[in-house]
Amino acid sequence: NKYWVFDGYHSSITSYDFGDDHGPGGEDHSDGIVRRYVPGEVKRVPGVVSHMELDHSSHLLYIADPGNHRIATLDISSGTVGASLPIQENYDGTFQNRVDRAVLSTLIETSDFGYSDPSGLALHEDTLYVAGNDSATIYAFSLSGELIDWMVTDAAEGGLMGLAFNSSGHLFYVDV
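Residues numbered from 1 in each chain as written. Predicted model: local features only at pLDDT ≥ 70, side-chain atom pairs only at ≥ 80, totals over all residues. Heavy atoms only, no water.

1. As for the overall build of the chain
We count it as follows: The way it works is that DSSP assigns letters per residue, a run of H or I at least four long becomes a helix, a run of E at least two long becomes a strand, and they are numbered from the N terminus. With the radius of gyration taken over C-alpha atoms, the globule rule is written as 2.2 Å times the number of residues to the power 0.38. Buried, partly exposed and exposed residues are distinguished by accessible area as a fraction of the type maximum, computed with a 1.4 Å probe on protein chains only: under 20%, between the cut-offs, and over 50%, respectively.
Helix and strand counts for the chain stand at zero helices and 15 strands. Here the chain has a C-alpha radius of gyration of 17 Å; the compact-globule value for 176 residues is 16 Å, and the two agree. For the C-alpha atoms alone, the extent of the chain along its principal axes is close to 45 × 35 × 30 Å. Put simply, the chain has 176 residues, and 43% of those count as buried.

Given below as structure tokens:
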């Protein structure tokens, strides 16, 4: 029941651990724990999705950060729990804290590859696939940030959004 969210309102990456599953329509999250990472260090672009992919083996969260024109990584095992968040920033009556000194790094400067707004991400077999929202191109990168290959889609400029692999290993993309 733990989820990672690109919180565009607070320009942060936020983890929500809702404790027990409350079932469909359940809205009592008072057993939840919310941690806000790297406030002010990521930036949303209205109308562009900001996907994230967690690599459980490395504890790295890969982040499409379109407002900063990059793919970033957050080491989710880094940082220490800091101060409680002010009550006006508290959602659902959950216990909320800031995480101090979490390590956020830039893996890929998207302008180095001719586009600025990354959107969808998909992690598959040690390759990170990135949707270039403004270029209508899907890029394949090694986990160290080296470009492996790319494919231009027939999506309109600004239309390429999410990416996902199905159980057969086929890559699908969303064209708004």
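2. Describing the pairing of strand E15 (residues 171-175)
Regular strands show a simple pattern: their side chains alternate between the two faces of the sheet. Using the following cut-off: The rule for pairing is simple: two strands pair if DSSP sees at least two bridges between them.
Direction of pairing for strand E14 (residues 160-165) relative to E15: antiparallel, over a ladder of four bridges. Opposite alanine 164, over in E15, you have phenylalanine 172 as the bridge partner. Hairpin connection of E14 to E15: five residues between the antiparallel strands, including glycine 169 at a positive phi of 85°.

3. A look at the sheet that holds strand E9 (residues 103-109)
In any sheet, the strands associate via hydrogen bonds between backbone groups, in a parallel or an antiparallel arrangement. To keep things clear, this is the line we draw: Axis angles are defined between N-to-C directions and span 0 to 180 degrees, where every axis is a line fitted to C-alpha atoms and, for a helix, only to the segment in contact.
Ordered in space as E4-E5-E6-E9, the four strands form an open sheet in which the pairing is antiparallel. Among the strands making up the open sheet, the edge pair consists of strand E4 (52-55) and E9. Neighbouring strand axes in the sheet, compared pairwise and without regard to direction, differ in orientation by 25° on average. With four bridges connecting them, E4 and strand E5 (residues 60-65) associate as antiparallel partners. Its bridge partner lying in E5, leucine 54 is registered against leucine 61.

4. Observations concerning the sheet that holds strand E7 (residues 80-84)
The five strands are arranged E1-E2-E3-E8-E7 in an open sheet whose pairing can be described as mixed. Both outer strands of the open sheet, strand E1 (2-7) and E7, are each paired with one neighbouring strand and no more. Along the sheet, successive strands turn relative to each other by an average axial angle of 30°, direction set aside. Relative to strand E3 (residues 33-37), strand E2 (residues 12-17) runs antiparallel, the two being bridged by five bridges. Across the sheet, residue isoleucine 13 finds its bridge partner in E3, namely tyrosine 37.

5. Re the nonpolar core
Side chains of nonpolar character tend, in soluble globular proteins, to be buried together. As a reminder of what qualifies: The set of buried Ala, Val, Leu, Ile, Met, Phe, Trp, Tyr and Cys residues whose side-chain atoms join them within 4.5 Å is what this entry labels a nonpolar core. Here, two residues are considered to be in contact whenever any of their heavy atoms come within 4.5 Å of each other.
Counting residues in each nonpolar core, the largest one holds 14 residues, and the members touching the most others are Ile13, Tyr37, Ile63 and Leu74. Sorting the residues of this core by element identifies E1, E5 and strand E6 (70-75) as the ones contributing at least two each. The residues touching leucine 74, leaving out its near neighbours within four places in the chain, are Trp4, Ile13, Tyr37, Val38, His59, Leu60, Leu61, Ile63, Ala102, Val103 and Leu104. If you look at the next biggest cluster of nonpolar residues, it comprises 10 residues, including Ile108, Leu121, Leu128 and Tyr139.

6. A word on the pattern of salt bridges
Threshold: We count a salt bridge whenever a side-chain nitrogen from Lys or Arg sits within 4 Å of a carboxyl oxygen from Asp or Glu.
Tallied over the entire structure, the rule returns two salt bridges. Across the pair arginine 70 and aspartate 65 runs a salt bridge, and its minimum N-O distance is 2.8 Å. Of the two residues, arginine 70 and aspartate 65, neither departs from the other in class, the shared state being buried. Between aspartate 100 and arginine 98 there is a salt bridge whose closest N-O contact spans 2.6 Å.

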